Amino acid sequence: MTWHKIPHSAIDSKKAIQQIKLAGKDFCLIYHEEKWHATSIKCPHAGANFTGGWCENGRLICPYHRHSFALGDGKGALGQYNAITIYRLEQKDSELYIELPESIFTKLANIFK
Ligand code: FES
């Protein structure tokens, strides 16, 4: 896992849920109840993109069939039997950082160093 700074230019402050690509990885950046969250971009149910969804009471709601996921730990609601990935975020001063898994290319490059 590697920490990456999310550039201010990548963040649209008018959107509560947005897709961001960083270090070759797409993720969903969410601002809900005065806190930032980062999740996987696609719903595990049928692959909908979460950027068309919304948040309610600390949960991300998928726009397709309304599965909901806790923003804290990614667990789906009772009976859904699914979950999403939650990425760790750190806010230092006015900068936002995300911890993302290393890409396969980075792993290979590190092997041959
Ligand atoms: S695709 Fe998300 S609930 Fe079905």
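Residues numbered from 1 in each chain as written. Predicted model: local features only at pLDDT ≥ 70, side-chain atom pairs only at ≥ 80, totals over all residues. Heavy atoms only, no water.

An unreviewed UniProt entry lists the protein chain under the name Rieske (2Fe-2S) protein, with Sphingobacterium bovistauri given as the organism.

Focus on the sheet that holds strand β10 (residues 95-100)
We count it as follows: Strands were regarded as paired on the criterion that DSSP finds at least two bridges between them. A run of H or I in DSSP becomes a helix once it reaches four residues, and a run of E becomes a strand once it reaches two; helices and strands are each numbered from the N terminus. The axes used here are C-alpha line fits, helices contributing only the stretch in contact, and every angle between their N-to-C directions lies in the interval 0 to 180 degrees.
Taken in spatial order, the three strands of this open sheet run β1-β10-β9, and their pairing is antiparallel. Each edge of the open sheet is held by one strand with a lone partner, namely β1 (2-6) and β9 (89-92). Neighbouring strand axes in the sheet, compared pairwise and without regard to direction, differ in orientation by 30 degrees on average. Examined bridge by bridge, β9 and β10 share four bridges and lie antiparallel to one another. The residue bridging E90 from the neighbouring strand is Y97, located in β10.

A short note on the pairing of β10
What counts here: Note on classification: 1.4 Å probe, protein chains only; a residue is buried when its accessible area is under 20% of the maximum for its type, exposed when over 50%, partly exposed between these limits.
Counting buried positions along β10 yields five of six residues, so the element is predominantly enclosed. When β1 meets β10, the two strands line up antiparallel, connected through five bridges. Directly across from W3, in β10, lies its bridge partner E99. Linkage of β9 to β10, two consecutive antiparallel strands, is achieved through a turn of two residues, within which D93 is found at a positive phi near 55 degrees.

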